[in-house]
Amino acid sequence: DLSSIIDQYGNPIRTADLHDPQSVGSNVWHLSTEHDQHPSSGLTPRAIHRILQDAEQGDLVALQDLADDMQERDGQIYSCLQQRITAVSSRSINIVPPPSATDSERRQAADVQAMLDDVGCNLQALVTDLLDGIYKGFSAVEQWWQMEGKLMAPRHEARQQRVFTVRNATTRPQTATPDAGQWLDPRNELRLRTINNVDGDALRPYNWVIHRHKAKNGYLAKQLLARVLVWPFILKHYSQRDFAEFLEIYGLPLRLGTYPAGASAEDKRTLLRAVTEIGHNAAGIIPTGMIIDFKEAAKGVSAPFLDQARYQDEMVAKVILGQTLTSGEGKNGTQALGTVHADVRNMIRDADAAAVAATITRD
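Each value, and the rule that gives it
- Residues numbered from 1 in each chain as written.
- Predicted model: local features only at pLDDT ≥ 70, side-chain atom pairs only at ≥ 80, totals over all residues.
- Heavy atoms only, no water.
- Helix = DSSP H or I, 4+ residues; strand = E, 2+ residues; numbered from the N terminus.
- Buried < 20%, exposed > 50% of the residue type's maximum accessible area, 1.4 Å probe, protein only.
- Phe/Tyr/Trp six-rings, centres within 6.5 Å; stacked < 30°, edge-to-face > 60°.
- Lys NZ or Arg CZ within 6 Å of the ring centre and 35° of its normal.
- Axes fitted to C-alpha atoms, helices over the stretch in contact; angles between N-to-C directions.
- Left-handed = near helix turned anticlockwise from the far one by under 90°.
- Contact = heavy atoms within 4.5 Å.
- Nonpolar A, V, L, I, M, F, W, Y, C, P; charged D, E, K, R; others polar.
- Pairing = 2+ DSSP bridges.

A. The overall build of the protein chain, seen in detail. For the protein chain, the helix and strand inventory stands at 10 helices and 10 strands. Buried residues in the protein chain amount to 35% of all 363 residues.

B. Expanded view of the packing of aromatic side chains. Scanning all chains against the criterion turns up 2 aromatic pairs. Each ring, one from Phe-138 and one from Phe-164, has its centre 5.8 Å from the other, and the planes form 90 degrees; the classification is edge-to-face. Linking Phe-138 in strand 3 (residues 138-148) with Phe-164 in strand 5 (residues 164-166), this pair joins segments that are 26 residues apart in sequence. The pair Phe-138 / Phe-164 is uniform in exposure class, with both members buried. Centroid distance Phe-164 to Trp-208: 5.4 Å. Interplanar angle 75 degrees. Geometry classified as edge-to-face. Of this pair, Phe-164 sits in strand 5 while Trp-208 sits in strand 8 (residues 208-212), placing them 44 residues apart in sequence. Following the ring pairs from residue to residue traces out a cluster consisting of Phe-138, Phe-164 and Trp-208. Here the basic side chain of Arg-187 rests over the ring of Tyr-219, its NZ or CZ set 3.8 Å away from the ring centre.

C. Quick peek at the packing of helix 3 (residues 75-89) against helix 5 (residues 123-130). One way to put it is that helix 3 packs onto helix 5 with a least axis distance of 9 Å and a crossing angle of 150 degrees. Here the hand of the crossing between helix 3 and helix 5 comes out right-handed. Between helix 3 and helix 5, the residues in contact are Ile-85, Val-88 and Ser-89 and Gln-124, Val-127 and Thr-128, respectively. Split by residue class, the contact of helix 3 with helix 5 holds 3 nonpolar, 3 polar and no charged.

D. The sheet that holds strand 5, seen in detail. Here we have 3 strands laid out as an open sheet, ordered 5-6-7, and antiparallel in their pairing. The open sheet terminates on both sides in strands that have one partner only, identified here as strand 5 and strand 7 (201-202). Here strand 6 (residues 190-192) pairs with strand 7 via 2 bridges, running antiparallel. Within the sheet, the bridge partner assigned to Arg-191 lies in strand 7 and is Ala-202.

Shown next as structure tokens:
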């Protein structure tokens, strides 16, 4: 089933593997039935330490689930990531010939552009899916091929990062395929989780578009931008939880019910029910001789809780966007400082665009 079409390394392409997604095979069927663990529920520093350690040892599931939770529960993380992704995904996408191209290569580039337009290959959506790797260290879009008239056209579907694993550091890697990057460290070799192989299955060539984003140096489990954002996230949400408790204690007046001597147990229960309900319904009834008194709300200071949340939001903006003025009000900013911050954002945008363009060109 080898075709006469060869890849960029001169190797024949095995066409039998191109028509069906690898992730629907019998060894990986369980991945489609798994649910996220939502480790952010009851998150503690000790739990974070365990999640980070497990990821370093090859178990990426909890860390990727935590990254999803953080993006879902923290509006600042979500907003800043959307700014960074749309800065690239909103740009036009063109197929261009190589430098010093011949007439034939220029015609081929135009033909490829026309082919992708004709078969409805949504490169814009592909770019958006791949840019998820900025936050989670990598993104994986499965690719399979279907006939469109006389053309075999690609189809794409993003896969959750939690369905992947890496080799255990003690496992010797197999001979790498050229497009796999000649892995030097087994902890960097992305593989599909399976039910019968602790190291997972190797990804089939030409079935995947894999975008890696190194937010920091190290092997795959340490390159995530989400890893840097874990600590601002938990500090901010501790503060938000404390602020919610503050509002419960200091934000509402105390409702104090008094009953006369000799009141029965049933009268006391009636009074307690009335005191409780009057806070929700602003209405209630009590027996004659009983009194409900509204005491002034206790006084407290909310500024420390809000300052902590704002500080962590600024840290998130700095980590994701490289600056703060385009993610908030920038009340202390000047026009000159705003220009510098905009330049920083543009440099990050151009770097992200160049990186994802290289990924699409290769895969």
